[in-house]
Amino acid sequence: MQQQQYNASEVFPGIWVGNQAAAKDLGFFKKYQIGAVINATKDIPNHFLSFAVYLRIPVDDSGKTNDIETMTKFLPMAMEFLRHQHFSDTNICDRVKTY
């Protein structure tokens, strides 16, 4: 696992978890060849549409029941997205909104 100045950590080979700063850092995307992003926010834009494919899961980082239920509904889709990107050798960044 790696942690860089990009506000992201590699949690599994080729799978990164990062915050809002990492999600809009083109240098991070290029250095680690991020080609797919799970954007688990309602309002943070998908910054690099010409460079990466995105899956948005519209939740807030609140811990509220409705956000947990929404995340649960999207888990099968997120897993399929991860599986598809993994087999196409694409590095993935899961963008998490932090306050």
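Keep in mind it's a predicted model, so treat the numbers as computed, not measured.

Q: Where do I start with the nonpolar core in this structure?
A: Taken as a class, soluble globular proteins show a tendency for nonpolar side chains to be buried jointly. With 12 residues, the main nonpolar core is built from Ala8, Trp16, Ala22, Phe28, Phe29, Tyr32, Ile34, Val37, Phe48, Ala52, Tyr54 and Cys93. Core analysis: the next-biggest nonpolar cluster, separate from the first, contains 9 residues, Ala36, Ala40, Ile57 and Val59 among them.

Q: Help me understand the confidence of the model for the chain in this model?
A: Reading predicted coordinates in detail is not appropriate for stretches of low pLDDT. In this model, the chain carries a mean pLDDT of 85, and residues with pLDDT of at least 70 account for 86%. Highest mean pLDDT in the chain belongs to strand E4 (residues 53-56) (94); lowest belongs to strand E5 (residues 91-96) (64).

Q: Can you help me understand the side chain of Thr41 in this one?
A: Within the secondary structure, Thr41 sits in the loop between strand E3 (34-40) and E4. Residue Thr41 is classed as buried on the basis of its relative accessible area, which comes to 1%. Here the side chain of Thr41 touches Ile44 through a polar contact of 3.2 Å, landing on its backbone nitrogen.

Q: Hey, could you run me through helix H3 (residues 65-87) in this one?
A: The periodicity of an α-helix, 3.6 residues per turn, causes residues three or four places apart in sequence to face the same way. The end-to-end C-alpha separation of H3 is 33 Å, in line with the 33 Å expected for 23 residues at 1.5 Å each. Taking the largest bend as the criterion, H3 deviates by roughly 45 degrees, centred on Leu75, and proline Pro76 comes between one and four positions later. Asp67, Thr70, Phe74, Ala78, Phe81 and Gln85 are the residues of H3 that are buried. One or two positions beyond H3, positive phi appears at Asp89, with a value near 55 degrees.

The rules we used
- Residues numbered from 1 in each chain as written.
- Predicted model: local features only at pLDDT ≥ 70, side-chain atom pairs only at ≥ 80, totals over all residues.
- Heavy atoms only, no water.
- Core = buried A, V, L, I, M, F, W, Y, C linked by side-chain atoms within 4.5 Å.
- Buried < 20%, exposed > 50% of the residue type's maximum accessible area, 1.4 Å probe, protein only.
- pLDDT = per-residue confidence, 0-100.
- Helix = DSSP H or I, 4+ residues; strand = E, 2+ residues; numbered from the N terminus.
- Polar contact = N/O pair within 3.5 Å; in protein donor to acceptor, adjacent residues only side chain to side chain.
- Expected span 1.5 Å × (residues − 1).
- Bend = angle between axes of the 7 residues up to and from the residue.

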